[in-house]
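Now for the letters of each chain:
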Amino acid sequence: MNFITLFIALIIAAITYGTPLLFGTLGEILTEKSGNLNLGVEGIMFMGGAVGLGGVFYYEKAASSPSGVLAVIIGLLCAFTAGAAASLIFSFLTTTLRANQNVTGLALSIFGTGIGQFIGEYMRVREGGYIAIGNMLKGYFQNSPFPVFLQKIPFVGGILFGNSIFFYLALLLAGVMFWYLNRTRSGLYLRAVGESPATADAAGINVTRYQYLATVIGGGLSAIGGMVYITTIAGCVWNHEGLSGVGWLAVALVIFCMWRPLSAIWGSILFGALMILYLRLVIPFVPTQLYKILPYVVTVIVLIASSMRNNKEKQPPANLGLSYFREDR
């Protein structure tokens, strides 16, 4: 029974740590389906974490009787807006000015990380202490929205009903994204733009519009992942180093799940388990650093295996990372 209890606790912790990754991964999947390779997810999540937490903090400070539901909505909107704004800059540089996507993404990662840390530290200095959400509002971000009796169902209660509201929102988002990409005309157009923008353009599809929308919305979703990390894992307290590496894990997870939104669900939980494993499974002679590189090692193994299979369904969009020049059509 003790082993089962530990295993269930590991799964619950994996879901908690995997939820921010799931938002970041879904946002990057949407972006890459349009053919844009945005490597700035790390910076975008930093911005989302700082701006999202700041929005909730100042709302709580200004309101005499703050609403928990409204606080969650404000956090989501602030984080999404920050990520969308950063991704709009990326889109302008890569889609309109046709700058190199790899270089622009890396620059955005550095820029976004700096902006996020600046905003967080500026708020901390201005307020003269830690930037943290009060205990009353904290429960809305961290506690489960389901009744306690469901959470106490033996074995499965905590796993199915004991997570924060953001996990269930991420599940809904993954399902909607799968439906959109595979069951709607607009989603098929988006995939066509990512595979062959010249062919899509010749068929009358507005390549620029689809790339802009997918990249901006995808960046906003990734930024929500940063806010979720700060409000669930980091305890609703700003920590300028708390998000380090999470964005890169999200980029790696996109490859791991083969650009499939539904596969990102179990992939993010697996990566969450690998992230927390060094605290749950302590082996004296194994350094902590080896635990922390496990997600990247697994991603490399999967990438090698998928390349050997040469299966088109498990390959990235054909035009990923390449700027489209209409004059060359």
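Here goes a summary of the coordinates provided. Owing to the predicted nature of the structure, the values given are computational and were not obtained by experimental measurement. (Residues numbered from 1 in each chain as written. Predicted model: local features only at pLDDT ≥ 70, side-chain atom pairs only at ≥ 80, totals over all residues. Heavy atoms only, no water.)

### Details of the overall build of the protein
Here's step 1: Along the protein, the regular secondary structure elements total 15 helices and zero strands.
Here's step 2: Taking 20 Å as the expected radius of gyration for a compact globule of 329 residues, we find that the protein reaches 20 Å, a close match to that expectation.
Here's step 3: Along the first, second and third principal axes, the C-alpha set of the protein runs to 60 × 45 × 40 Å.
Here's step 4: Counting only residues that meet the buried cut, the protein has 49% of its 329 residues in that class. (Helix = DSSP H or I, 4+ residues; strand = E, 2+ residues; numbered from the N terminus. Rg over C-alpha atoms; globule rule 2.2 N^0.38 Å. Buried < 20%, exposed > 50% of the residue type's maximum accessible area, 1.4 Å probe, protein only.)

### Thoughts on the packing of aromatic side chains
Each aromatic ring pair is characterised by the separation of its centres together with the angle its planes make.
Here's step 1: Overall, the coordinates contain nine aromatic pairs when judged by the stated rule.
Here's step 2: Centre to centre, the rings of F57 and Y58 are 5.1 Å apart; their planes meet at 80°, and the pair counts as edge-to-face.
Here's step 3: By way of ring pairs, the aromatic residues F146, F161, F167 and Y168 are connected into one cluster. (Phe/Tyr/Trp six-rings, centres within 6.5 Å; stacked < 30°, edge-to-face > 60°.)

### Considering the packing of helix 1 (residues 2-33) against helix 8 (residues 165-183)
Here's step 1: Where helix 1 contacts helix 8, the two axes come as close as 9 Å, and the packing angle between them is 25°. Overall, the two elements helix 1 and helix 8 adopt an arrangement that is roughly parallel. The handedness of the crossing between helix 1 and helix 8 comes out as left-handed. Of the residues in helix 8, those touching helix 1 at I15, T19, L22, F23, L26, I29, L30 and K33 are F166, F167, L169, A170, L171, L173, A174, M177 and L181.
Here's step 2: Of the residues that constitute the contact of helix 1 with helix 8, the class distribution is 15 nonpolar, one polar and one charged. (Axes fitted to C-alpha atoms, helices over the stretch in contact; angles between N-to-C directions. Parallel < 35°, antiparallel > 145°, perpendicular 65-115°, else oblique. Left-handed = near helix turned anticlockwise from the far one by under 90°. Contact = heavy atoms within 4.5 Å. Nonpolar A, V, L, I, M, F, W, Y, C, P; charged D, E, K, R; others polar.)

### Things to note about the side chain of T232
Here's step 1: As for its position among the elements, T232 is in helix 11 (residues 207-233).
Here's step 2: Using a relative accessible area of 15% as the deciding quantity, one classes T232 as buried.
Here's step 3: A polar side-chain atom of T232 sits 2.5 Å from the main-chain carbonyl oxygen of V228.
Here's step 4: Filtering out sequence-adjacent residues up to four positions away, T232 remains in contact with F141, Q142, S164 and F166. (Polar contact = N/O pair within 3.5 Å; in protein donor to acceptor, adjacent residues only side chain to side chain.)

### Here we look at the pattern of salt bridges
Here's step 1: Within the structure shown, the criterion is met by two salt bridges.
Here's step 2: Residue K61 pairs with E127 through a salt bridge whose shortest N-O separation is 2.7 Å. Taken as a pair, K61 in helix 2 (residues 41-62) and E127 in helix 4 (residues 101-127) lie far apart in primary sequence, 66 residues in all.
Here's step 3: With a relative accessible area of 52%, K61 lands in the exposed category.
Here's step 4: Where E121 meets R124, a salt bridge forms, and the shortest distance between an N and an O atom there is 2.9 Å. A residue pair is termed a helical-turn pair when its members lie 3 or 4 positions apart in one helix, as E121 and R124 do in helix 4 at three residues.
Here's step 5: Residue E121 is classed as partly exposed on the basis of its relative accessible area, which comes to 25%. (Salt bridge = Lys/Arg side-chain N within 4 Å of Asp/Glu carboxyl O.)

### A few points about helix 12 (residues 246-256)
Here's step 1: Among the 11 residues that make up helix 12, nine are buried, leaving the element largely enclosed by the rest of the structure.
Here's step 2: Burial in helix 12 covers these residues: V246, G247, L249, A250, V251, A252, L253, V254 and F256.
Here's step 3: Count one or two residues on from helix 12 and you reach M258, which has phi positive near 60°.

All quantities given are derived from atomic positions and should not be read as evidence of function.
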